[in-house]
Amino acid sequence: MKIITREIKIKNTNSLNTEYIESEMKKLGIVPLRWAIVNADENCLVVSAAYEVNL
């Protein structure tokens, strides 16, 4: 296993919360170890996420 960090774009909504961000990452097959919003505008969020991958 390896831990990688990448930036992910997620659609911005008016009802932004932790559950929404984590569910959007889960749709991409990402179960984050940690994440943080690093950029945002009215249309999208950029989230930096670290997660495990199997090699």
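So, here's what we can say about the structure.

Parameters and conventions
- Residues numbered from 1 in each chain as written.
- Predicted model: local features only at pLDDT ≥ 70, side-chain atom pairs only at ≥ 80, totals over all residues.
- Heavy atoms only, no water.
- Buried < 20%, exposed > 50% of the residue type's maximum accessible area, 1.4 Å probe, protein only.
- Helix = DSSP H or I, 4+ residues; strand = E, 2+ residues; numbered from the N terminus.
- Arc of directions from axis to C-beta.
- Contact = heavy atoms within 4.5 Å.
- Core = buried A, V, L, I, M, F, W, Y, C linked by side-chain atoms within 4.5 Å.
- Salt bridge = Lys/Arg side-chain N within 4 Å of Asp/Glu carboxyl O.
- Pairing = 2+ DSSP bridges.
- Axes fitted to C-alpha atoms, helices over the stretch in contact; angles between N-to-C directions.

**Let's talk about helix α1 (residues 18-27)**
Every buried residue of α1 is accounted for by Tyr20, Ile21, Glu24 and Met25. Buried residues along α1 cover an arc of 130° about the axis, so they all sit on one side. Set apart from the buried face of α1 by more than 90 degrees, the exposed residues are Glu19 and Lys26. In this structure, the buried residues of α1 make contact with β1 (2-11), β2 (32-40) and β3 (44-53).

**Observations concerning the nonpolar core**
In terms of nonpolar packing, the biggest core is built from 10 residues, these being Ile8, Ile10, Tyr20, Ile21, Met25, Ile30, Leu45, Val47, Ala49 and Tyr51. Counting residues per element, the ones that place at least two in this core are β1, α1 and β3. The element best represented in this core is β3, accounting for four residues.

**Considering the pattern of salt bridges**
Evaluation of the coordinates by the stated rule reveals one salt bridge. The residue glutamate 24 makes a salt bridge to lysine 27 at a minimum N-O spacing of 2.9 Å. Of the two residues, glutamate 24 and lysine 27 both sit in helix α1, three residues apart, roughly one turn of that helix.

**Some points on the sheet that holds β3**
Spatially, β1-β3-β2 is the arrangement adopted by the three strands of the open sheet, whose pairing is antiparallel. Two strands in the sheet have a free side with no partner beyond their single neighbour: β1 and β2. The mean inter-strand angle of the sheet, taken between neighbouring strand axes irrespective of direction, is 20°. Sheet analysis places β2 next to β3, joined by seven bridges and oriented antiparallel. Each residue of the ladder has a partner; that of alanine 36, found in β3, is serine 48.

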